Amino acid sequence: TGNSIFLTGQEGGLFEIIALEARNGGIKWRRKIPVSQVEKVHAANSLTSSTPCSDGEYVYVYLGSYGLLCYDMNGNLKWEKRIPTPKSLYGMSTSPILYKDSVILVLDDDQNLPDSQLSRSKVIAVDKSSGINIWETPRPYNRSNWSTPMIWRHDQGNDLVVLGNGRIYGNEPATGNEKWYVNGFSRETIAIPVAGAGK
């Protein structure tokens, strides 16, 4: 974003958000985040696999063991939103994305809702200036998922495209309401949706 590159990392028991100077790789700032309980991850994964996103004014970071954080370009914390760590086969890696004034995050989860056989998976949108929930859409038939969603802009409007277990969904990005789905996908969803040439 601009002349900055944002990374997540881990040093000892602390997580880090690091801002690098794009021209020479120098460290502009780094912020450490203490985490009381670290999620379990597969040896092939990392505790900081999720990628930050930015609108050029703020940078938004998701850490599975902590939640969502928002920093300004100088490294000042604007807000944070603690999110319980979803249960996952390999650890979290989905990344937040931006749509207009919201930050959208998929939180697919292997754990069931209380007294239910349905999962507590969901996709949420929060206000990018405050972290306050705008909407939350349950995904009760989805389990752990490592894919990041995308916004498909097409002639009929915009769709939030979310890959899930065996199925890809199209949701209304302003409300989270499901618009369409297509079956036939893998149980383990790692790839991300892409769009181009009207498809």
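Visitor: Sorry if this is basic, but what is going on with the overall build of the chain here?
Guide: A tally of helices and strands in the chain yields zero helices and 15 strands. Over its C-alpha atoms the chain spans a radius of gyration of 17 Å, differing by no more than 12% from the 16 Å that the globule rule assigns to 199 residues. Seen along its three principal axes, the alpha-carbon backbone of the chain occupies a region of about 45 × 40 × 30 Å. Looking at the chain as a whole, 47% of its 199 residues qualify as buried.

Visitor: Would you explain the pattern of salt bridges in this entry?
Guide: Oppositely charged side chains are able to pair whenever their charged atoms sit close together. This model, assessed by the stated rule, comprises 12 salt bridges. Salt-bridge contacts for Arg-23 lead to Glu-21; the nearest nitrogen and oxygen are separated by 3.1 Å. Put simply, Asp-55 and Lys-128 hold a salt bridge, and the shortest N to O gap is 3.1 Å. Taken together, the residues span a long stretch of sequence, with Asp-55 in the loop between β4 (53-54) and β5 (58-63) and Lys-128 in the loop between β10 (122-127) and β11 (133-138) at a distance of 73 residues. Look at Asp-55 and you get partly exposed, because its relative accessible area is 31%. A network of salt bridges, in which partner residues are shared, links Glu-11, Glu-16, Arg-30 and Lys-32.

Visitor: What's the story with unusual backbone geometry in this structure? I'm lost.
Guide: At Asp-115, a position not held by glycine, the phi torsion is positive, near 55 degrees. Residue position: Asp-115 is located in the loop between β9 (102-107) and β10. Look at Asp-115 and you get exposed, because its relative accessible area is 87%. A positive phi is found at Ala-197, a non-glycine position, where the angle reads about 55 degrees. The exposure class of Ala-197 is exposed, given its relative accessible area of 82%.

Visitor: So what exactly am I meant to see when it comes to the state of the cysteines here?
Guide: Chemically, a disulfide is nothing more than a covalent bond linking the sulfur atoms of two cysteines. Under the defined criterion, the tally for this structure stands at zero disulfides. We note that Cys-53 lacks a disulfide partner, and the nearest cysteine sulfur, in Cys-70, lies 9.4 Å from it. According to the relative accessible area criterion, Cys-70 is buried, its value standing at 0%.

Rules used in this analysis
- Residues numbered from 1 in each chain as written.
- Predicted model: local features only at pLDDT ≥ 70, side-chain atom pairs only at ≥ 80, totals over all residues.
- Heavy atoms only, no water.
- Helix = DSSP H or I, 4+ residues; strand = E, 2+ residues; numbered from the N terminus.
- Rg over C-alpha atoms; globule rule 2.2 N^0.38 Å.
- Buried < 20%, exposed > 50% of the residue type's maximum accessible area, 1.4 Å probe, protein only.
- Salt bridge = Lys/Arg side-chain N within 4 Å of Asp/Glu carboxyl O.
- Disulfide = S-S within 2.5 Å.

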